[in-house]
Structures are given as structure tokens and as C-alpha cells.
Amino acid sequence: DAGVTQSPTHLIKTRGQHVTLRCSPISGHKSVSWYQQVLGQGPQFIFQYYEKEERGRGNFPDRFSARQFPNYSSELNVNALLLGDSALYLCASSKLTDMNTEAFFGQGTRLTVV
Amino acid sequence: QQQVKQSPQSLIVQKGGISIINCAYENTAFDYFPWYQQFPGKGPALLIAIRPDVSEKKEGRFTISFNKSAKQFSLHIMDSQPGDSATYFCAASYLGNEKLTFGTGTRLTIIP
């Protein structure tokens, strides 16, 4: 089975631009979460989607938005990019039951804002 | 607000030795504590996880020790190997909720 896939793997954008990152979860997983990992730090939670509905949002500005599609894939959008948005963006998927919260991460998208 | 504190920041262990990484949490509502291993350029990979109803869980060379009263948990890597050299993150969440709160990470280096 394929793992969590993210695209693109690397991206360079200019300040003020907009970016869209994509994630395909593991087959059978209905929950997708997004994390931002700044170099040298642990991942920070941005969003969680389950069955196409937002179930959680981290402490990120409104420039960050996301959505989940009927096939459970997801997009993360960031508007008006700042230099500080440069980071590894990780997508995680899980089955998300009351007894199973195992989250599996993709390889991430490395975003560089110049 | 950092809810999971991890130490040490970096660790060097000789091959065959025991690597120990510690974490402490603040939120007593957390009931799921995973450890992730991350290699450069890769996403975190789930290593082992524990729930607070047990004090220890062992999988191969990896053991989690959990102290609920102290709100602390630790990862022990026995017989450490050069291939274990990576960054390790502890995390915490609630069962049924995928939001993970991560520690700051420990860069582990295993030397021959």
C-alpha cells in the first residue's frame, strides 16, 4: 500500500505570493492533518480534517486555509507568503477511531519563501 | 504555550549503549503518547506509542517508560546502532483526536 503522498516535494516562492500544497492519505484513512515544521523544531499543528469537515485548527493566521475533498485528499493554501512561512509542511493521515489515533506522515513539502 | 518538554536537545551514544530521551507534559487530559523518528529530508515515522494505563511498553530494542503521577515519559533505545542516528520527537494527544503536540526533538548520534 502507498503511504501518505505529498506534492510538490520542494517549492520556492516569493514574499506575497500564494501557495497550494497537496496531500493524498493512505487508502482507507479519512482523517488528514497538516503540520508546519520549522528547521530545528518539532512539527506544529495547523489543521485537521475528517470526512471533509474541519475538526481542529492550530494557532495560525487566517492566511492559512485548507480543505478536504470527497476522496479524502487535502490541500493546504497559504496566502500573502512571509519569509517566516519557510518550513517543511507535513501531512498526516489516520483512521481516527476512538481506539486508534496512529498518524502516518508524508515526506513533506519543503517551502522556501524568498 | 509548550505543553510537551523534551530533553536533551542532542545526545551522543556509543554503539551498543543505551540511549535515553525524556519528555514531560502538562495537560493531564492527554491519553496517547507516541514517539516519532525522523531522518533528514523525511517525514516523522511512528516508532512506538503508549497509553497511560500501562507503565512500560517494549517493542524490540525500543522501550517507553511512563510515569503518570510525574507526568513524564521516556524512550530507551537498547543496543544503540549507527542506523538509529536520527532526530526523535515525543508527542501527546487524545485518543480519537489526531492533533499531536510535539516536543522540540532530540538529535541522536550513535558513534562507533
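Structure: see above.
Keep in mind that this is a model prediction, so the values were computed, not measured.

Participant: I tried to follow the nonpolar core on my own but got confused; where do I start?
Facilitator: For soluble globular proteins, nonpolar side chains are generally found buried alongside one another. Formed by 24 residues in total, the largest nonpolar core has its most connected members in Phe33(B), Trp35(B), Phe73(B), Leu75(B) and Tyr88(B). Secondary-structure elements contributing two or more residues to this core are strand 2 (10–14), strand 3 (19–25), strand 4 (33–38), strand 5 (45–50), strand 7 (62–67), strand 8 (72–77), strand 9 (86–92) and strand 11 (106–111) of chain B. The element contributing the most residues to this core is strand 9 of chain B, with four residues. Sequence-distant contacts of Leu75(B), that is, excluding residues within four places in its chain, are made with Ser19(B), Ile20(B), Ile21(B), Trp35(B), Leu47(B), Ile48(B), Phe62(B), Thr63(B) and Tyr88(B). The next biggest cluster of nonpolar side chains, apart from the first, holds 22 residues, and it includes Val4(A), Val19(A), Phe60(A) and Leu111(A).

Participant: Can you help me understand the sheet that holds strand 1 (residues 4–7) of chain B in this one?
Facilitator: Paired through backbone hydrogen bonds, the strands of a sheet run either parallel or antiparallel to each other. All names here are of chain B. Pairing within the open sheet is antiparallel, and its five strands lie in the order 1-3-8-7-6. Strands with a single pairing partner mark the edges of an open sheet, and in this sheet they are strand 1 and strand 6 (56–59). Taken over all neighbouring pairs, the strand axes of this sheet differ in orientation by 15° on average, direction set aside.

Participant: Explain the interface of chain B and chain A here, please?
Facilitator: For an interface, size is often stated in terms of accessible area lost upon the parts coming together. The interface of chain B with chain A comprises 21 residues on the first partner and 28 residues on the second. At the boundary of chain B with chain A, total buried surface from both sides reaches about 1700 Å², with 53% on carbon and sulfur atoms. For the pair chain B and chain A, the interface holds zero salt bridges. Across the chain B-chain A interface, the total number found is three residue pairs in polar contact (both at pLDDT 80 or more). Classifying every residue of the side of chain B that touches chain A gives nine nonpolar, eight polar and four charged.

Participant: I'm lost on the state of the cysteines in this one. Help?
Facilitator: For the structure shown, the criterion picks out two disulfides over all chains. Between the sulfur atoms of Cys23(A) and its disulfide mate Cys91(A) the distance is 1.8 Å. With the S-S bond torsion at -65°, the cross-link from Cys23(A) to Cys91(A) turns out left-handed. In this pair, Cys23(A) is assigned in strand 3 (residues 19–24) and Cys91(A) in strand 9 (residues 87–94), connecting sequence segments 68 residues apart. Of the two residues, Cys23(A) and Cys91(A), both sit in the buried class. Here Cys23(B) engages in a disulfide with Cys90(B); their sulfurs sit 1.8 Å apart. When the S-S torsion is -90°, as for the bridge of Cys23(B) with Cys90(B), the disulfide is left-handed. Taken together, the residues Cys23(B) in strand 3 and Cys90(B) in strand 9 connect sequence positions 67 residues apart. The pair Cys23(B) / Cys90(B) is uniform in exposure class, with both members buried.

The rules we used
Residues numbered from 1 in each chain as written. Chains lettered and ligands numbered in written order. Predicted model: local features only at pLDDT ≥ 70, side-chain atom pairs only at ≥ 80, totals over all residues. Heavy atoms only, no water. Core = buried A, V, L, I, M, F, W, Y, C linked by side-chain atoms within 4.5 Å. Buried < 20%, exposed > 50% of the residue type's maximum accessible area, 1.4 Å probe, protein only. Helix = DSSP H or I, 4+ residues; strand = E, 2+ residues; numbered from the N terminus. Contact = heavy atoms within 4.5 Å. Pairing = 2+ DSSP bridges. Axes fitted to C-alpha atoms, helices over the stretch in contact; angles between N-to-C directions. Buried area = accessible area lost by both parts, 1.4 Å probe. Salt bridge = Lys/Arg side-chain N within 4 Å of Asp/Glu carboxyl O. Polar contact = N/O pair within 3.5 Å; in protein donor to acceptor, adjacent residues only side chain to side chain. Nonpolar A, V, L, I, M, F, W, Y, C, P; charged D, E, K, R; others polar. Disulfide = S-S within 2.5 Å.

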